[in-house]
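Chain and residue survey
If you want the building blocks of each chain, they are given just below.
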Amino acid sequence: MKNIAASIAISTLAATGVEAQEERRRVAPPAVYDVAPGLGHFTDSVLFGEVWERSELKPRDRSLVTVSVLVSTGKSAQIGSHVRRALDNGVKPEEIGELITQLALYSGWPNAMSAVQEVSRVFDERKIAPVRNSDAARIELEAAAEQARTATVNTAIAPTAPALADLTNRVLFGDLWQRPDISARDRSLITMVALVAIGQPEQLPFHANRAMDNGLTASEASEAITHVAFYAGWPRAMSAVPVLKAVFESRNGATQTPPSQTTSQGANMDFQVTRANSTPAAGPDAYFTGEVSVSSHYKGTDPARISGATVSFTAGARTAWHTHPLGQTLFIVSGKGWVQKEGGSVETVGPGDVVWIPPHLKHWHGASADEAMTHFAIAEAENGSVVTWMEKVSDEDYGKVSVID
């Protein structure tokens, strides 16, 4: 009897221990299980039991990502708990303050000011002293990249909004991005995930490239987007994936070599043959209007910085307005196309024509209204960036172009 009683006692204690362990693992408040038990399950088993435990992104970075999403999307009620977690994960108070400052310019002053109120309560609760500006040396931005960025702003923004162009160059990049209160890598990570969270994927190529130039790895960038899905929603994350994929490919070439792409050995060199119509993919909706197919993408290996692809447009399809840091060459393969620079008339191009587009010239190109067109596009990367995308060419503007044959 004593042995049986002892076994029952041990079993009871073991069961109680398991239950206690399960309770300790719970992050979702009891009210979540009372109202939405499924949400409680996904919160504890998937979000905190799996995603937050993934090693592809350090807990400190996950906290930076999470707080950035909450601040940029105005989710003030959740900020306090995640700021506490961020502090526990090694994020410094001054870095949290600088995160909020950065996002004031990227998601708006109201979101930042609301975040300050929530963070102030956490700082008071933990007896954290007022944050002061850092006296460390300011961060020097890469001169060539800054020159190219400034030229793009002066060409694309200044003619229409001169004050915005001035503030972009003087305040945003001339001051904010040079502040030493948080590392350049973390500032880029914060900005990148905020753009995804607020649904601005067209700004993502520049900032994703800058983030990786500043030390963020491709795997960390990918994991950051995965983490954002839980805090800003799947549609935001999914919309960012093709943009991030294009960034990866522009920096490193295609992620895999398909069977249609072969390498032959010469005496002292290798060459690549990219087969016609290999790896076809639809042109991203964010950058194209109409039905567009991109195929036979290639990228030269270091030290070459050149890349290209065959792009096919159905009648009426075209690119958005854009610029190239080092220019672009188009070779017209078939059909009838249109090319236009900002403020100019449309040029009609046909098979065999070669179009040179100078660096930083705002332009678009595509098929004519009544005939499809295919061209081969070649461009050279500067600091990992081949193109800066802008607004789309509206149906109204496309329909009233003045054509030069």
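Scope of this entry: the structure provided in the associated data block. Being a predicted model, the structure only gives us computed values, none of them experimental.

Regarding the nonpolar core
Ranked by internal contacts, the top residues of the largest apolar core, which has 47 residues, are V65, M192, L204, A224 and F313. Both of domain 1 (54-139 + 179-252) and domain 2 (281-399) provide at least three residues apiece to this core. Setting aside residues up to four positions removed in sequence, M192 forms contacts with L204, A208, A211, L216, A221 and A224. By size, the runner-up hydrophobic cluster in this structure holds 22 residues, among which are L64, L70, V71 and V91.

Let's talk about the sheet that holds strand β3 (residues 281-282)
Read across the open sheet, the six strands follow the order β3-β5-β6-β14-β9-β12; overall the sheet is antiparallel. Looking at the sheet topology across the chains shown, the edges are occupied by β3 and β12 (354-357). When strand β6 (residues 306-313) meets strand β14 (residues 373-380), the two strands line up antiparallel, connected through eight bridges. Across the sheet, I306 pairs through a bridge with E380, a residue of β14.

Regarding the pattern of salt bridges
If you walk through the whole model with that rule in mind, you get 26 salt bridges. We note a salt bridge from D61 to R185, for which the minimum N-O separation is 2.8 Å. Here the residue D61 occupies a position in helix α4 (residues 59-72), and R185 occupies one in helix α10 (residues 184-197), the gap between them amounting to 124 residues. The burial state of D61 is the same as that of R185; both residues are buried. E249 is paired through a salt bridge with K245; the nearest N and O atoms lie 2.7 Å apart. Of this pair, E249 and K245 are both found in helix α13 (residues 234-252), four residues apart, which corresponds to roughly one turn of the helix. Residue classification places E249 among the buried positions, given a relative accessible area of 16%. One network of salt bridges, in which partners are shared, links R60, D61, E95, R185, D186 and E220.

Describing the packing of helix α6 (residues 93-107) against helix α7 (residues 109-125)
One can describe the packing of α6 onto α7 by two numbers: an axis separation of 8 Å at closest approach and a directional angle of 165°. The orientation of α6 relative to α7 falls into the category roughly antiparallel. The chirality of how α6 crosses α7 is right-handed. Contact residues: α6 offers P93, I96, I100, A104, L105 and S107, while α7 offers W109, N111, A112, A115, V116, V119 and F123. Residue composition of the contact of α6 with α7, grouped by class: eleven nonpolar, two polar and no charged.

Looking at the environment of V46
Note on placement: V46 falls in helix α3 (residues 37-47). Between the alpha carbons of V46 and F230 there is a distance of 9.9 Å; along the sequence they are 184 residues apart. Among all residues touching V46, those that are not within four sequence positions of it are H41, V51 and F230.

Looking at the pairing of strand β11 (residues 346-349)
Pairing of strand β10 (residues 337-341) with β11, which is carried by three bridges, proceeds in the antiparallel orientation. When the sheet's bridge partners are listed, V339 is paired in β11 with E347.

Observations concerning the packing of aromatic side chains
Within this structure, the stated rule accounts for nine aromatic pairs. Aromatic pair F173 and W177: ring centres 5.9 Å apart, planes at 10°, arrangement stacked. Summarising the aromatic geometry, the rings of W364 and Y398 are spaced 5.7 Å apart at their centres and angled 55° between planes, so their arrangement reads as tilted. One end of the pair, W364, is in strand β13 (residues 363-367); the other, Y398, is in helix α14 (residues 395-399), and 34 residues separate them in sequence. Each member of the pair, W364 together with Y398, is buried. Grouped by ring-pair contacts, the aromatic residues Y287, F288, F313 and W389 constitute a single cluster. Sitting above the plane of the Y33 ring, R26 keeps its charged end 3.9 Å from the centroid. The positively charged end of R210 is found above the aromatic ring belonging to W177, 4.8 Å away from the centroid.

The rules behind each value
- Residues numbered from 1 in each chain as written.
- Predicted model: local features only at pLDDT ≥ 70, side-chain atom pairs only at ≥ 80, totals over all residues.
- Heavy atoms only, no water.
- Core = buried A, V, L, I, M, F, W, Y, C linked by side-chain atoms within 4.5 Å.
- Buried < 20%, exposed > 50% of the residue type's maximum accessible area, 1.4 Å probe, protein only.
- Domains from an automatic or database assignment.
- Contact = heavy atoms within 4.5 Å.
- Pairing = 2+ DSSP bridges.
- Helix = DSSP H or I, 4+ residues; strand = E, 2+ residues; numbered from the N terminus.
- Salt bridge = Lys/Arg side-chain N within 4 Å of Asp/Glu carboxyl O.
- Axes fitted to C-alpha atoms, helices over the stretch in contact; angles between N-to-C directions.
- Parallel < 35°, antiparallel > 145°, perpendicular 65-115°, else oblique.
- Left-handed = near helix turned anticlockwise from the far one by under 90°.
- Nonpolar A, V, L, I, M, F, W, Y, C, P; charged D, E, K, R; others polar.
- Phe/Tyr/Trp six-rings, centres within 6.5 Å; stacked < 30°, edge-to-face > 60°.
- Lys NZ or Arg CZ within 6 Å of the ring centre and 35° of its normal.

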